[in-house]
Amino acid sequence: MQKRVLVWEAPVRLFHWVAVISMFSLAVTGYYIGFPFLTASGEASSSYLMGWMRAVHFVAAFVLGIACLIRLYWFFTGNEYARFRDWIPVGGVRRSLFWRQVKYYLFLTRKRPEVLGHNPVAGLSYLIVLLLILGQGLIGFALYAEAYQDGFWRSAFGWLLPLFGNQNLRLTHHLLMWVFAAFLIVHLYMSVLAEIEERNGTLTSMFGGYKTEEQPDAYRDLAYREAAAVGEKPED
Amino acid sequence: MLAALERKGISRRDFLKFCGVIGAVLAVPAEGIGRIAEALASVRRPSVVWLEFQDCAGCSESFLRASRPTAAEIVLDVLSVDYHETIMAAAGRQAEEAKEAAIKTGGHLVIVEGSIPTKENGLYCCVGGRTAMELLSEAAKGAAAIIAVGSCASFGGLAAAKPDPTGAVGVRDLVKGVPVINLPGCPVNAVNITATVVHYLTYASLPKLDEYGRPLFAYGKRVHDNCERRAHFDAGQFVEAWGDEGHRKGWCLYKMGCKGPECYSNCPTVRWNEGTNWPVGAGHGCIGCTQPGFWDAMTPFYRRLPNVPGFSVESGADKIGIGLAAAAAAGVVTHVVGTAVRRNKAKAEENKDNS
Ligand code: SF4
């Protein structure tokens, strides 16, 4: 028997797509800011190309920053799939699931572990990406603060400038963008793979929030958890 | 002092004009100009000891060519430069005695040009048989303030660039207990020396400094924000190669590696050579010479991003980034193939079981 479960609550889905759109805009405009590959023609007064690129970059940064803060809050408030624990492979069940998932990806086992929320490998990668986003934001706002000699931005983020120097910060900012690009490639592939193999609506759940789940009876559920703890899949 | 100036053929009008220029550099309100004039007209000349260590004398040159018509003269009259190896008439014992006398009185200003080597007990720079380190600490005793002019005296400058054979440092790294003002630049703009001294004489205090010890009146704004090419930056009009059409049209030098966006200095507003021009105005990108860590921190001068440490010169950040993304894509492709193989195997086994 199958059951529809609300896995991704609205704030989680919203965060996901806001992050997608803002990170995409940040990457494109940021690439332009680092290497302005288009040149405007005519009088300087008639165009504002770099100006708009920077404006979009800054606005998207603010949007992503606020979205991250809300997501952090939701780590403590959301349902079981939105919580911190889903991203950190600690505790017997999660840890054993984590290694089984890694083995599965490396073709060492044939059965794909069944997880309704984030599989622990994906969860850990999102935790890392979130930390990288926060780091990227820290660097970005330090560079943003360069235009100010004092005031809020300078005092909040300016301390990074004498610590690491502008050139190193910009280089890191630039390289991290490529790390996100690499993540995007793997992330897209993994989700399509999950969609094909799990057949529980992984991709559409990112819009509607619902996944389908085999209705586990209490006994099976318990057996499943115990088996997971010792690293095996219970026989059906 | 005004009488002395008049004897030299400097009119009251010229004097006030000078006060106005310095007032503008210091960004004091109009009422402040009168106060500057008053202070300068009545002041006792503080004695100045100008020390040169690991330098190229470029800051001295810059100082001597101080462009505001009467600035050099006025500064030389306002101050009593008792010791300056390059320009003083005295030599040998006589010169050293002049310095000793100035230092003994105390309350003097020390201007330092050039970095101070610290390796081998400072052996790499000796004047009159004594190391720069000794000479500096001796001159600093009882001084009202030390003004480090140029990037070398401020942060170690050129001599401190890799591999830094002499262990060069700036004044602030050695002198404690005496206020040190950094006036970096390669060379320093003489207007900023004058303005700092005038501020000291007028207000009997030193100007407000930023976290690197640089006066905010001169180093409080980014080159980029006062640059005359900024409109082209915002518009998205960039020079792609020296001498191309954009270069001739005065477009932004950002893509040629201009460090204006990360450099703080009043170059675009006070300019050089009687206010004629400045590097970016003349068509060369800013190389960020007023920033700590110059030169290393600002190279490569003609590219936006530095090279990634540990990789060869050719591998810019983008190449490495594309490599990273390509590696991820290759991993995905490998996994797709692996998954297909696994599927086929599973199917084959299923068929075997069924048959
Ligand atoms: S030339 Fe340099 S300082 Fe001027 S606008 Fe362009 S990047 Fe900024």
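All chains use their own residue numbering, which begins from 1 and follows the written sequence. Lettering for chains starts from A, numbering for ligands starts from 1, and both go in the order in which the items are written. With the structure being a predicted model, the display of local features is reserved for residues of pLDDT at least 70 and the display and counting of side-chain atom pairs for 80 or more, all residues being used for whole-chain, interface and lining totals. No hydrogens and no water enter the side-chain calculation; it runs on all heavy atoms of the structure.

### Comments concerning the overall build of chain B
Runs of H or I in DSSP of at least four residues are treated as helices and runs of E of at least two as strands, each being numbered from the N terminus. Scanning chain B from N- to C-terminus turns up 14 helices and nine strands. Reported as C-alpha extents along the three principal axes, the dimensions of chain B are approximately 115 × 50 × 35 Å. Among the 355 residues that make up chain B, the fraction classed as buried is 52%. Areas reported as accessible are Shrake-Rupley estimates using a 1.4 Å probe. Residue values count occlusion only from the protein chains shown. Of the roughly 16200 Å² of accessible surface on chain B, a fraction of 57% belongs to carbon and sulfur atoms. Positive: Lys, Arg. Negative: Asp, Glu. His and the chain ends are not part of the count. To locate a charge, take atom NZ for lysine, CZ for arginine, CG for aspartate or CD for glutamate. Distance from the positive charge centre (38 side chains) to the negative charge centre (36 side chains) of chain B: 5 Å. Classification of residues uses two cut-offs on accessible area relative to the type maximum, computed with a 1.4 Å probe and protein chains only: under 20% is buried, over 50% is exposed, and between them is partly exposed.

### Let's talk about the overall build of chain A
Tallying secondary structure elements over chain A gives nine helices and two strands in all. Helices (α) and strands (β) of chain A occur, in sequence order from the N terminus, as β-α-α-α-α-α-α-α-α-β-α. Of all 236 residues assigned to chain A, the portion counted as buried reaches 43%.

### Brief notes about empty space enclosed by the protein
Residue and element names in this part refer to chain B. With a 1 Å grid spanning the protein atoms alone, the term cavity applies to any set of points in which a 1.4 Å probe fits but cannot get out, the term pocket to an open set with protein on both sides within 12 Å along at least five of seven lines, and the term lining residue to any residue with an atom within 4 Å of a point. Grid points are joined across faces, edges and corners, and a volume is the space filled by probe spheres set on the points. Throughout the structure, instances matching the rule amount to two cavities of 30 Å³ or more. Estimates place the volume of the largest cavity at around 90 Å³. Around the largest cavity, the lining is made up of 14 residues, and of these His224, Cys227, Cys252, Leu253 and Cys258 lie nearest the centre. Following the grouping adopted for this structure description, the nonpolar residues are Ala, Val, Leu, Ile, Met, Phe, Trp, Tyr, Cys and Pro, the charged ones are Asp, Glu, Lys and Arg, and the polar ones are all others, Gly among them. In terms of residue class, the lining of the largest cavity is built from 10 nonpolar, two polar and two charged.

### Some remarks on the nonpolar core
Residues and elements named next belong to chain B. Working definition of a nonpolar core: buried Ala, Val, Leu, Ile, Met, Phe, Trp, Tyr and Cys residues. They are joined through side-chain atoms within 4.5 Å. If you look at the biggest cluster of nonpolar residues, it comprises 34 residues, and the most contacted ones within it are Cys19, Leu40, Val149, Leu183 and Ile193. Throughout, a residue-residue contact means that at least one pair of heavy atoms, one from each residue, lies within 4.5 Å. Each residue touching Val149, except ones within four places of it in the same chain, is listed here: Trp50, Cys59, Ile111, Val112, Glu113, Gly114, Leu183, Val188 and Ile193. Among the nonpolar cores identified, the runner-up in size contains 26 residues, and Val49, Tyr83, Ile116 and Val171 belong to it.

### Digging into the interface of chain B and chain A
Many descriptions give the size of an interface as the accessible area lost when the pieces come together. Contacts between the two partners involve 52 residues from chain B, matched on the other side by 47 residues from chain A. Across the chain B/chain A interface, buried area totals approximately 4000 Å², and carbon plus sulfur atoms make up 57% of it. Salt bridges are defined by distance alone: a side-chain nitrogen of Lys or Arg within 4 Å of a carboxyl oxygen of Asp or Glu. Our count for the contact surface shared by chain B and chain A stands at three salt bridges. For the salt bridge of Glu262 of chain B with Arg170 of chain A, the shortest nitrogen-to-oxygen distance reads 3.5 Å. Polar contacts here mean pairs of N or O atoms no more than 3.5 Å apart (in protein, one a potential hydrogen donor and the other a potential acceptor; neighbouring residues in sequence count only if both atoms are side-chain atoms). Our count for the contact surface shared by chain B and chain A stands at 23 residue pairs in polar contact (both at pLDDT 80 or more). At the level of secondary structure, the elements contributing two or more residues to the side of chain B that touches chain A comprise α10 (216-219), α11 (230-235) and α14 (317-354) of chain B. It is α14 of chain B that contributes the most residues to the side of chain B that touches chain A, 18 residues altogether. When two parts are brought into contact, each loses some accessible area as probed by a 1.4 Å sphere; the total of that loss over both is the buried area.

### Re the site of the ligand
All names here are of chain B. We call a residue near a given molecule or strand whenever any one of its heavy atoms falls within 4 Å of it. In the vicinity of the ligand, the residues found are His224, Cys227, Arg229, Arg230, Phe233, Cys252, Leu253, Tyr254, Cys258, Gly260, Pro261 and Val280. Using a 2 Å cut-off from the grid points, one finds that the ligand occupies the largest cavity. A breakdown of the residues in the shell around the ligand according to their chemical character gives eight nonpolar, two polar and two charged. Whether a molecule sits in a cavity or pocket is decided by its atoms, more than half of which must lie within 2 Å of the grid points.

### Focus on the pattern of salt bridges
Inspection of the entire model under this criterion finds 17 salt bridges over all chains. Of the charged contacts in the structure, one is a salt bridge between Asp86 of chain A and Arg94 of chain A, with a shortest N-O distance of 3.4 Å. Asp86 of chain A sits in the buried class, given a relative accessible area of 8%. With a shortest N-O distance of 3.0 Å, Arg112 of chain A and Glu197 of chain A are connected by a salt bridge. Taken together, the residues span a long stretch of sequence, with Arg112 of chain A in the loop between α3 (92-105) and α4 (120-144) and Glu197 of chain A in helix α7 (residues 166-198) at a distance of 85 residues. Within this structure, Arg222, Asp225, Arg230 and Asp234 of chain B form a network of salt bridges that share partners.

### Here's the deal with the environment of Trp295 of chain B
All names here are of chain B. Here Trp295 shows up in the loop between α13 (267-270) and α14. The class of Trp295 is partly exposed, set by a relative accessible area of 35%. Note: C-alpha distance between Trp295 and Gly157 (138 residues apart in sequence) is 6.6 Å.

### Thoughts on the confidence of the model for chain B
The predictor's confidence in any single residue is recorded as pLDDT, a number from 0 to 100. Scored by pLDDT, chain B has a mean of 88; 92% of the residues are at 70 or more. With a pTM of 0.86, the predicted complex shows an ipTM of 0.84.

### Notes on the packing of α7 of chain A against α14 of chain B
Between α7 of chain A and α14 of chain B, whose axes approach to 8 Å, the crossing angle comes to 15°. As far as their axial angle goes, α14 of chain B and α7 of chain A are roughly parallel. You can see that α7 of chain A and α14 of chain B cross each other, and the crossing is right-handed. Across the contact of α7 of chain A with α14 of chain B, the residue classes break down as 19 nonpolar, four polar and four charged. Between the N-to-C directions of two axes lies an angle of 0 to 180 degrees, each axis being a line fitted to C-alpha atoms and, for a helix, fitted only over the stretch in contact. Any angle that is under 35 degrees is reported as roughly parallel, and any over 145 degrees as roughly antiparallel; angles of 65 to 115 degrees are reported as roughly perpendicular and all others as oblique. For any helix crossing, the convention is left-handed if the near helix is rotated counterclockwise from the far helix by under a right angle, and right-handed if that rotation is clockwise.

### Some thoughts on the sheet that holds strand β2 (residues 80-84) of chain B
Sheet strands pair via backbone hydrogen bonds, and the direction of the pair is either parallel or antiparallel. All names here are of chain B. Criterion used throughout: strands pair if DSSP finds at least two bridges between them. Pairing is parallel in the open sheet, where five strands are placed in the order β2-β1-β3-β7-β9. The sheet is open, and its two edges are formed by β2 and β9 (180-183), each paired on a single side. If you compare each strand with its neighbour and ignore which way they point, the axes differ by 20° on average. Two strands pair when backbone bridges link them, and strand β7 (residues 145-149) and β9 are joined in this way by four bridges, in the parallel orientation. Bridge pairing in β9 links Val149 to Leu183. Its contacts with the sheet place helix α7 (residues 132-140) against β1 (47-52), β3 (109-113) and β7, and it is angled at close to 165° to β1.

### Re a nonpolar patch on the surface
Residue and element names in this part refer to chain A. A surface patch of nonpolar side chains, amounting to about 400 Å² of accessible area, comprises Trp17, Val20, Ile21 and Phe207. Sort the elements by how many residues they give to the nonpolar patch and helix α1 (residues 10-34) lands first, with three residues. Mapped onto the elements of the fold, Val20 is located in helix α1. Patches here are clusters of residues that have more than 30% relative accessible area and form no salt bridge, with a 9 Å joining cutoff for like charges and a 5 Å cutoff for nonpolar side chains (Val, Leu, Ile, Met, Phe, Trp, Tyr).

### Regarding the environment of Phe157 of chain A
Position of Phe157 of chain A relative to the elements: it lies in helix α5 (residues 152-157). When the C-alpha atoms of Phe157 of chain A and Ala142 of chain A are compared, they prove to be 4.7 Å apart, with 15 residues separating the residues in sequence.

### Notes on α4 of chain A
In a helix, the anticipated span is given by 1.5 Å times the number of residues less one. Along its 25 residues, α4 of chain A runs 35 Å from first to last C-alpha, staying within 8% of the 36 Å computed at 1.5 Å per residue. Two to three positions downstream of the cap, the backbone nitrogen of Val121 of chain A sits 2.8 Å from a side-chain oxygen, assigning the N-cap of α4 of chain A to Asn119 of chain A.

### Considerations on the packing of aromatic side chains
Aromatic contacts are taken between Phe, Tyr and Trp rings whose centres are within 6.5 Å, Trp giving its six-membered ring; a plane angle under 30 degrees counts as stacked, one over 60 as edge-to-face, and the others as tilted. Summed over the entire model, instances satisfying the criterion amount to 33 aromatic pairs over all chains. Ring centres 4.8 Å apart and planes at 70° place the aromatic pair Phe58 of chain A and Tyr144 of chain A in the edge-to-face group. Remark: Tyr144 of chain A occurs in helix α4 and Phe58 of chain A occurs in helix α2 (residues 49-77); sequence separation between them is 86 residues. According to the relative accessible area criterion, Tyr144 of chain A is buried, its value standing at 18%. Their ring planes at 90° and their centres at 5.8 Å tell us that Trp242 of chain B and Tyr302 of chain B sit as a pair that is edge-to-face. With a gap of 60 residues between them, Trp242 of chain B in the loop between α11 and α12 (245-248) and Tyr302 of chain B in the loop between α13 and α14 connect regions that are remote in the sequence. Of the residues examined, Trp242 of chain B reaches a relative accessible area of 41% and is grouped as partly exposed. Classification of Tyr302 of chain B as partly exposed rests on a relative accessible area of 45%. Only Lys NZ and Arg CZ are tested; either one counts as a charge over a ring when it is within 6 Å of the ring centre and within 35 degrees of the ring normal. Across from the ring centre of Tyr83 of chain B, 4.9 Å away, lies the NZ or CZ of Lys99 of chain B, which sits over that ring. Taking NZ or CZ as reference, Lys255 of chain B lies 4.6 Å from the ring centre of Phe35 of chain A, over its face.

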